[in-house]
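Geometric and topological summary
What follows is each chain in one-letter form.
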Amino acid sequence: MVDLNSYLVIGALLFSLGLFGVITRRNGVAVLMGVELILNAANINFIAFARFGGMDFSGHVFALFVIVMAAAEAAVALAIILNIFNNLGTINIDEADQLKQ
Amino acid sequence: MVVFSKNLIYSAMALLFTLMGVAGLYVFLWADFIAVTQILIYVGGILVLIIFGIMLTHRITNVRLSHSSIQQGVGGAIVLVIFLGLTSMILKAPWYRATAVEPQETVRQIGRLLMIDYLLPFEVASVLLLAALMGAALLSRKVD
Amino acid sequence: MVNYGIAILLLPLLAFVAQIFVGKRLPRNGDWVSVGAVALTLCLSLAMFGVMLVKYDPEFSVDQTWTWFDLGSLKVQIGILIDNVTVVMLLVVSLVSTLVHVYSTAYMEGDLRYSRYFAFLSLFTFSMNGIILANSLLGIYIFWELVGLSSYLLIGHWFEKDSASDAAKKAFLVNRVGDIGMFIGIMLFFTATGSFLFRDVFAGVESGLLSTETLTIAGLCLFAGAIGKSAQFPLHVWLPDAMEGPTPVSALIHAATMVAAGVYLTFRLFPIFTPAALTVIAYIGGFTAIFAAIIAVTQNDIKKVLAYSTVSQLGYMILAMGVGAYTYGLFHLVTHAAFKAGLFLCSGSVIHAMHHAYHELHDHESDPQDMRNMGGMKSKMKTTYLTMLICTVALAGVPFTSGFLSKDAILAGTLSFTMHHPEHFLLALFGFGAAFLTAFYMFRLVFMTFYGEPVRREVYDNIHESPSAMTAPLVTLATLSFFLFFTLPYFNPFSDHGWFTVLIEAQDSVVPGHLNPPANEIAGEMHHAHMPAMFLSILIAFSGIGLAVLMYLQKRISADDMAVKLALPYKLSFNKFFVDETYQRYLINPSLILARMIAFVDWELYDKYIVNGFGKVSVWFSRIVGIRWDYDILDQKIVDGIGRSISFFGSGLRLVQTGKVQNYLVWVLAGVIMIYVWQTI
């Protein structure tokens, strides 16, 4: 039986993978993709609870909002990455280490 | 694929398929409106944006990337731990289960909720979009 | 009476203090301060003297004692004793001091340290009065030392001359030798009787607190001080050298007063001397008398002749003490003070004139004090000549002078003593022999100076009489050399019976065991010997004078021939019996060698090794503490070490700040996991 648990697990899996991407990837855009994954995982959680967990349609609304957030954030992130690229000549975020002591 | 691929375009394509898959999951969860919205915005907007970003920033370096070695091991370990933790939590927790009836008009329901219960977040979200717009424009300004 | 005494004591002290501090700034350099003070003292002394004559009481005595400090078991008292002797002595001192002060205003005119000279004269007067007024051994000792100090200061007045400063040192040090003996004697008496006061000491001796042997020794120890101060053999060596001082100083200190202090001490302490001690005293006195007289015969410096004469006369006084005629010793002291001071001042007048004459001739080589450069002065310096003649006659012991009376009395005493103790015949020999020689050399002095042809005509032309400030004292002293002043209210020039002998009574000896004959017995014996003694003394005096006339006036016997014929005695006499040289060789040089050795130990060994070594150890130690411990260990290792470890850790921790966002994210996640794990556990 497809259960709440399994949806939640899928969400957790997506989340973990996304996290791994954020941590590991050297390319800024790849990091952004990882962030999208995370957000999608959260969305899955929301919807799952809306269907199984008693959240009615609030879950859908929240998911909608999350999608909106993701869009905005993606735009800004890309702008930043473009800036980094213009300044440093590369989008290898390992190079953006001016906070280093 | 998204996270493991060395080629960025491949990662982007993988992300596309992932997002499609998520939309499908939404449908299974009786969230048809969300599914459509997802495809529209995520795939059509954000992914395109990402690909634009890839294209724009890959002039000099080629797209090949290598993972940072230190991070990989430690990061992998941490992520694994987190996943296991989450999973065990999920499986153990006694979730409140309520069976919901299959809704007839999801869009109307969502719309109503948006306008009545969640009006404020709705407005804030629009302001946020505006801010994001302005921010992006500002950030991409040429330095004078 | 006591108040007068205190005033007499303190006036010169005040003058001294004033002179020392502000003397230079006063008009005429402040000599009127000293002269005024001492003249006042004279007035007071005369007043006291008058009171004494009115009272005419031989037993008169006032004793005022104050407690100086009281420590329970040790109580020291000090005070003033005034009796007839004190009054007479005070008068003598004040009179001679005043005359010397007046004389000095002319003699020391133009001297560099004029005010200082007068200050020290006042100091001396104060000290001498202190000796006279003291009623305790301690009091006498204090002023004894002060007098020695004044003598040192005054002899060394012209200290730019090496000979003068050496002479001053010699005077003080030789005095000191005597003073050591005196101090031992004082302490012996103090430990036995528990007090310094004369009356306590006498009482103690009388009650037999000291055994005869101890008493003899203690007495002789005290007498040692007198030997030093009164220039008896063997401590006489300082007096001739003391002639380096100004002549008025010689007159005051070394003729009339300070040297008399020893005699005065012996006089005061006469009752406690045992016969043995007295015999020793007599021999010392007698020997000194003849010894010095022999030396005086050949001396050519006018002041040296007078100096040895003083030593000889002091010997007479001490001799008198020793044979028991001790009041006559004091008598001789008083008369001698007058004519000896007169002689010195006269010689000073002559020297002053000679000095001026040489100055006029720009002659700085010749010695103005050498009699061989003089001659024929009597027509040029009449007053000086006459006064000197009178004083010389007094010294020689010619009748109608005071000197005759006193010397005759001493010789009578000596003769009587010898008659009763024939084993001591030497004393009589010494006494009469010295009298003969005294007459001889004194007239030699007079003839060489005032008679005959002058040695250098141009010098003679420049001689003139001294100013009245100098001649007035001369006249005064010469006048006092006549018998009359001492025999009042009687007028017999051949008898010493007068106010002096009545008022100043001999006291019985307090030595227990009736060892000494009582005073009246001594007086009685003297009476028998009086006539022979007088006869003998007149004979001897005139024969001495006659010989001098022959040799120096009429030049019938040549002095130089005699010198050759009596070569050995001449050489001994001229060289003062080589006493000074003996002392130098056997006493002084070994002391210097010892001192040098000790200095070597101190300087080379102690200073170099111990003191410097101590310094080096300190440096080494401080280097360890400072450099090794503080700097190397503390600073470098500990303090710096802490700093360095911190920076080490810091740079280690710095690596965390990679600047990479992803790294930070990893840390965050790690933290989250930690919290999660923490919560579940």
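Residues numbered from 1 in each chain as written. Chains lettered and ligands numbered in written order. Predicted model: local features only at pLDDT ≥ 70, side-chain atom pairs only at ≥ 80, totals over all residues. Heavy atoms only, no water.

Bringing the overall build of chain C into the picture now. For chain C, the helix and strand inventory stands at 26 helices and two strands. Put simply, 79% of the contacts in chain C that link residues at least 6 apart link residues at least 24 apart. Carbon and sulfur atoms make up 68% of the accessible area of chain C, which totals about 29,400 Å². (Helix = DSSP H or I, 4+ residues; strand = E, 2+ residues; numbered from the N terminus. Contact = heavy atoms within 4.5 Å. Areas by Shrake-Rupley, 256 points an atom, 1.4 Å probe, with all protein chains shown as cover.)

Quick look at the overall build of chain A now. A tally of regular secondary structure across chain A gives three helices and zero strands. Written out in order from the N terminus, the α and β elements of chain A read α-α-α. The proportion of buried residues among the 101 residues of chain A is 61%. Contacts in chain A between residues at least 24 apart in sequence constitute 56% of all its contacts with a sequence separation of at least 6. With the model as given, the accessible surface of chain A reaches about 3,500 Å², and the carbon-plus-sulfur share is 65%. (Buried < 20%, exposed > 50% of the residue type's maximum accessible area, 1.4 Å probe, protein only.)

The predicted model of chain A has a mean per-residue pLDDT of 79, with 81% of residues at 70 or higher. Per-element confidence in chain A is highest for helix α1 (residues 4–24) of chain A, whose mean pLDDT is 85, and lowest for helix α3 (residues 58–88) of chain A, whose mean pLDDT is 83. (pLDDT = per-residue confidence, 0-100.)

Now for the pattern of salt bridges. All names here are of chain C. In the structure shown here, the tally under the stated rule is seven salt bridges over all chains. E160 serves as the salt-bridge partner of R113, at 2.8 Å between the closest nitrogen and oxygen. With R113 in the loop between α3 (84–107) and α4 (114–133) and E160 in the loop between α5 (137–155) and α6 (162–193), this pair connects stretches of sequence that are 47 residues apart. For R113, a relative accessible area of 16% translates into the label buried. On the accessibility criterion, E160 (48% relative accessible area) is partly exposed. Across the salt bridge formed by E145 and R176, the nearest N and O atoms sit 3.2 Å from each other. Of the two residues, E145 is situated in helix α5 and R176 in helix α6; the sequence distance between them amounts to 31 residues. Look at the salt bridges and you will find they share partners, linking E145, R176 and D179 into a network. (Salt bridge = Lys/Arg side-chain N within 4 Å of Asp/Glu carboxyl O.)

This part takes up the packing of α3(C) against helix α19 (residues 468–480) of chain C. Residues and elements named next belong to chain C. Where α3 meets α19, the axes come as close as 7 Å, and the angle between the chain directions of the two elements is 155°. With respect to α19, the axis of α3 lies roughly antiparallel. Between α3 and α19 the crossing geometry is left-handed. Here L95, L99, V102, Y103, T105, A106 and Y107 of α3 lie close against α19, whose contacting residues are A469, M470, P473, L474, T476, L477 and L480. Per-class residue counts for the contact of α3 with α19 are 12 nonpolar, two polar and no charged. (Axes fitted to C-alpha atoms, helices over the stretch in contact; angles between N-to-C directions. Parallel < 35°, antiparallel > 145°, perpendicular 65-115°, else oblique. Left-handed = near helix turned anticlockwise from the far one by under 90°. Nonpolar A, V, L, I, M, F, W, Y, C, P; charged D, E, K, R; others polar.)

Moving on to the side chain of C:T193. For C:T193, the position within the fold is in helix α6. If we ignore the near neighbours within four places in the chain, the residues touching C:T193 are C:D200, C:V201, C:G204, C:V205 and C:L209.

The next thing to look at is a nonpolar patch on the surface. Residues and elements named next belong to chain C. On the surface, a cluster of nonpolar side chains totalling about 1,100 Å² of accessible area is made up of V617, W620, F621, V625, W629, I633, L634, I638, V639, I642 and I646. With respect to the helices and strands, I638 occurs in helix α25 (residues 579–654). Using a relative accessible area of 43% as the deciding quantity, one classes I638 as partly exposed. (Patch = residues over 30% accessible without salt bridge, like charges linked within 9 Å, V, L, I, M, F, W, Y side chains within 5 Å.)

With that settled, consider the packing of aromatic side chains. The tally for this structure, following the rule as stated, stands at 15 aromatic pairs over all chains. With centroids separated by 5.5 Å and ring planes inclined at 10°, the aromatic side chains of A:F46 and A:F62 adopt a geometry described as stacked. With A:F46 in helix α2 (residues 28–53) and A:F62 in helix α3, the pair connects residues that are 16 residues apart, well separated along the chain. Judged by its relative accessible area of 25%, A:F46 falls in the partly exposed class. Between C:Y385 and C:F450 the ring centres are 5.3 Å apart and the planes differ by 55°, which places this aromatic pair in the tilted class. Residue C:Y385 is located in helix α15 (residues 382–396), and its partner C:F450 is located in helix α17 (residues 425–450); the two are separated by 65 residues in the primary sequence. A relative accessible area of 1% means that C:F450 is categorised as buried. A connected cluster of aromatic rings, assembled from ring pairs, spans C:Y114, C:Y117 and C:F118. In this arrangement the basic side chain of C:R113 is found over the ring face of C:F159, its NZ or CZ atom lying 4.1 Å from the centre. (Phe/Tyr/Trp six-rings, centres within 6.5 Å; stacked < 30°, edge-to-face > 60°. Lys NZ or Arg CZ within 6 Å of the ring centre and 35° of its normal.)

Moving on, we get to the layout of surface pockets. Residues and elements named next belong to chain C. Considering only enclosed or pocket space, the largest pocket measures out at about 980 Å³ in volume. As for the largest pocket, its lining consists of 34 residues, and the residues nearest its centre are Y107, W158, I351, H355 and P368. Contributions of two or more residues to the lining of the largest pocket are made by α3, α9 (238–241), α13 (302–323) and α14 (326–360). Ranked by the residues each element gives to the lining of the largest pocket, the list is headed by α14, at six residues. For the lining of the largest pocket, a count of residues per class yields 11 nonpolar, 10 polar and 13 charged. (1 Å grid on protein atoms, 1.4 Å probe; cavity = no way out; pocket = protein on both sides within 12 Å on 5 of 7 lines; lining within 4 Å. Points joined across faces, edges and corners; volume = space filled by probe spheres on them.)

So, on to α5(C). In a regular helix each residue adds 1.5 Å, so 19 residues correspond to 27 Å; α5(C) covers 26 Å between its end C-alpha atoms and thus fits that length. Across the 19 residues that make up α5(C), a large majority, 15, are buried. (Expected span 1.5 Å × (residues − 1).)

Since the α-helix turns once every 3.6 residues, residues separated by three or four places project in the same direction. All names here are of chain C. The terminal C-alpha atoms of α14, which comprises 35 residues, lie 50 Å apart, in line with the 51 Å expected from a rise of 1.5 Å per residue. Maximum bend of α14: about 30°, positioned at H336. In terms of burial, α14 is largely enclosed, as 31 of its 35 residues are buried. Directly after α14, the chain includes H362, whose backbone phi takes a positive value near 55°. (Bend = angle between axes of the 7 residues up to and from the residue.)

Residues and elements named next belong to chain C. Within the fold, L11 resides in helix α1 (residues 2–22). Along the primary structure L11 and G36 are separated by 25 residues, whereas in three dimensions their C-alpha atoms are 9.5 Å apart. Discounting residues that sit within four places of it in the chain, L11 has contacts with A37, L40, T41 and L44.

Turning our eyes to something else, we now look at the nonpolar core. Of all hydrophobic cores here, the largest spans 178 residues; its most connected members are C:V88, C:L137, C:I140, C:F189, C:W238 and C:L269. In terms of residue count, the dominant contributor to this core is α14(C) (18 residues). Among residues more than four places away in sequence, those in contact with C:V88 are C:F49, C:M52, C:V334, C:W499, C:F500 and C:I504. Formed by 44 residues, the second largest nonpolar core is a distinct cluster that contains A:L14, A:L32, A:L37 and A:I47. (Core = buried A, V, L, I, M, F, W, Y, C linked by side-chain atoms within 4.5 Å.)

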